[in-house]
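Chain by chain, the residues:
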Amino acid sequence: MELLWDGYIEPVVWIVAKILAIVVPLLVAVAYLTYAERKVIGAMQLRKGPNVVGPFGLLQPLADGLKLFLKETIIPTSANKGVFIIAPMLTFILAIIAWAVIPFDEGMVLADLNVGILYLFAISSLGVYGIVMAGWASNSKYAFLGALRSGAQMVSYEISIGLIIISVLLTTGSLNLSDIVRGQVGGIWEWNFVYHLPMFVVFIVSILAETNRAPFDLPEAEAELVSGYNVDYSAMTFALFFLGEYANMILMSGLCVVLFLGGWTAPLPVLEFIPGAIWFFLKICSVLFIFLWVRATFPRYRYDQLMRLGWKVFLPLSFAWVMLVATFLVVFDKVPA
Amino acid sequence: MVVQALAFYLFATVAVIAATAVVTVRNPVHSVLLLILTFFNAAGLFVLLGAEFLAMLLVVVYVGAVAVLFLFVVMMLDINFVEMRQGFLNYLPIGVLIALVLFVELAFVGATWALTDDKIAVLAHPTPAGLTNVEALGQLIYTDYAYIFQASGLVLLVAMIGAIVLTLRTREGVRRQKISEQVKRQRADTLEIKKVPVGRGI
């Protein structure tokens, strides 16, 4: 009995507790990201944003969640039921499990994988399935077109993201996310975005496209596709898509922070007394603010221009950067051991 | 160890069931989705073997890219189930033949394994001691066999160019957007300011 407790039950309880400690704050963060989005865009458009439910409208996301929870889940008769149900679950699960390798602070990570960045890349490349499956299973033209657009878009921008990750890895010499952050300790001038500034910009734009956010939100272009791949979804199935999409935004911001903005490290050595997790949180918030800012500022891209940007501008640019970084490292004998 | 064994049986069972379902289900889209499930479980088995790099590559390349293309193609198909079943008997002999060849090959592998006395000696080492398997693979590909690896890259490049040449069609009369020209456009190219005398027009 003692063996069973020590060998199996205790570790399992620990792991479940750790997972909950990541997932629950994440879901709260997602809820308040929607609130922040409405407030920020409201402020930029000289409106007030949500301000009725609770003080400053702070209970609005909870009310929205409750509303979605209480609605009826409608499955269209012509839909492919199994795939129709699985698609939102898949989107949501993928957005959650990627968090396993994100380091919040020194040693504060659920799974310190040696191939952490590849794991993240693999999970984010699966994200397209949820959307394509939803579009196909809905058996509707709007949903299908939205899914196809989204699929093509995500596959295209993944390539430039991959190449950007490679050029960062070349200077870090490790696939482990914690090691990538440790390579940037010492202050803001040590962070990767200083050395990879052009790629930092390309990366920010690429993650906008990868998460289907404005100005690249063609898959859900309201004007032409009603709402794209999730047009036939209602209630909790829709909520899962919504949660997944916003969790993905936070995840991509987290990845951006780890790769370019020094993860949990403080921007100045004198500020190191503040815990790393707080820095990490603040940095994620600032990247998320860029997401919202861009949405309120730029009009939507045309589809062919989106593809052109991905394949004819970002791909050659990030390729050239990989070459440049690799050559530099070899010529000046700075290849990390 | 028990947990590992359980994980192995879970991945292996799901992989085998999903792989069987790939060839038996009616709907091709379901087939592709099950194929993806099979890939995913194979990746899980790789992780259990200690080859986590290969596992991630399997997911990134096959699940994340190749299978997406499969899915796109299959979803676009206009499927006629009756027609699909008509060719079944014609293709049966060649299908059985291929299956037989594969089965015999697998049986050979199994038999060599069963007949070897010193099983430890023939065990494939996942990685040389002291190296992570990314480093080990990197050394093999980029140090020991660098030229062969580059050559295989060239073969792929040729295949890619071939595919583009075969499918490239230039249509007459297509008006494409030339972004560089649009950016280069000066005010003088498009605007002309004319003085229009009152009552006469241009």
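As annotated in an unreviewed UniProt entry, chain B carries the name NADH-quinone oxidoreductase subunit J and comes from Thalassospira alkalitolerans. On record in UniProt, under Function (unreviewed entry), the comment for chain B is "NDH-1 shuttles electrons from NADH, via FMN and iron-sulfur (Fe-S) centers, to quinones in the respiratory chain. Couples the redox reaction to proton translocation (for every two electrons transferred, four hydrogen ions are translocated across the cytoplasmic membrane), and thus conserves the redox energy in a proton gradient." Database annotation for chain B, UniProt heading Catalytic activity (unreviewed entry): "a quinone + NADH + 5 H(+)(in) = a quinol + NAD(+) + 4 H(+)(out)".

As recorded in an unreviewed UniProt entry, chain A goes by the name NADH-quinone oxidoreductase subunit H, listed as coming from Thalassospira alkalitolerans. Listed under Subunit (unreviewed entry) in UniProt, the entry text for chain A is "NDH-1 is composed of 14 different subunits. Subunits NuoA, H, J, K, L, M, N constitute the membrane sector of the complex."

Peer 1: Is there a simple way to explain the pattern of salt bridges in this structure?
Peer 2: Proximity of charged atoms lets side chains of opposite charge pair with each other. All names here are of chain A. What the rule picks out here adds up to 7 salt bridges over all chains. One salt bridge in this structure joins Arg38 and Asp64, with 3.0 Å as the shortest N-O distance. Placement of the pair is Arg38 in helix α1 (residues 2-44) and Asp64 in helix α2 (residues 60-70), with a sequence separation of 26 residues. Of the residues examined, Asp64 reaches a relative accessible area of 28% and is grouped as partly exposed.

Peer 1: Quick question: what am I supposed to make of the domain arrangement of chain B here?
Peer 2: It is common to report an interface's size as the accessible area lost on association of the parts. Its domain assignment divides chain B into domain 1 (1-81) and domain 2 (128-168). Once you take the C-alpha centre of each, domain 1 of chain B and domain 2 of chain B turn out to be 24 Å apart.

Peer 1: It is not clear to me how the interface of chain B and chain A should be interpreted in this structure. Could you clarify?
Peer 2: Contact with chain B, which involves 25 residues of that partner, is made by 27 residues of chain A. Approximately 2,200 Å² of surface area, both sides summed, lies buried where chain B meets chain A, with 80% of it carried by carbon and sulfur atoms. Along the contact surface separating chain B from chain A lie 0 salt bridges. Along the contact surface separating chain B from chain A lie 5 residue pairs in polar contact (both at pLDDT 80 or more). Contributing elements (two or more residues each) for the side of chain B that touches chain A: α1 (2-24), α2 (28-48) and α3 (52-76) of chain B.

Peer 1: Would you mind showing me how to read the packing of helix α8 (residues 197-210) of chain A against helix α12 (residues 303-331) of chain A here?
Peer 2: Working note: a packed helix pair is described by the angle between its axes plus the distance between those axes. All names here are of chain A. Where α8 contacts α12, the axes come no closer than 11 Å and their chain directions differ by 145°. Considering the relative orientation of α8 and α12, their crossing is left-handed. Touching Pro198, Met199, Val202, Val205 and Ser206 of α8 are Leu309, Phe314, Leu317, Ser318 and Trp321, all from α12. Of the residues that constitute the contact of α8 with α12, the class distribution is 8 nonpolar, 2 polar and no charged.

Conventions used here
Residues numbered from 1 in each chain as written. Chains lettered and ligands numbered in written order. Predicted model: local features only at pLDDT ≥ 70, side-chain atom pairs only at ≥ 80, totals over all residues. Heavy atoms only, no water. UniProt positions renumbered as here; feature names shortened; annotations may be inferred. Salt bridge = Lys/Arg side-chain N within 4 Å of Asp/Glu carboxyl O. Helix = DSSP H or I, 4+ residues; strand = E, 2+ residues; numbered from the N terminus. Buried < 20%, exposed > 50% of the residue type's maximum accessible area, 1.4 Å probe, protein only. Domains from an automatic or database assignment. Contact = heavy atoms within 4.5 Å. Buried area = accessible area lost by both parts, 1.4 Å probe. Polar contact = N/O pair within 3.5 Å; in protein donor to acceptor, adjacent residues only side chain to side chain. Axes fitted to C-alpha atoms, helices over the stretch in contact; angles between N-to-C directions. Left-handed = near helix turned anticlockwise from the far one by under 90°. Nonpolar A, V, L, I, M, F, W, Y, C, P; charged D, E, K, R; others polar.

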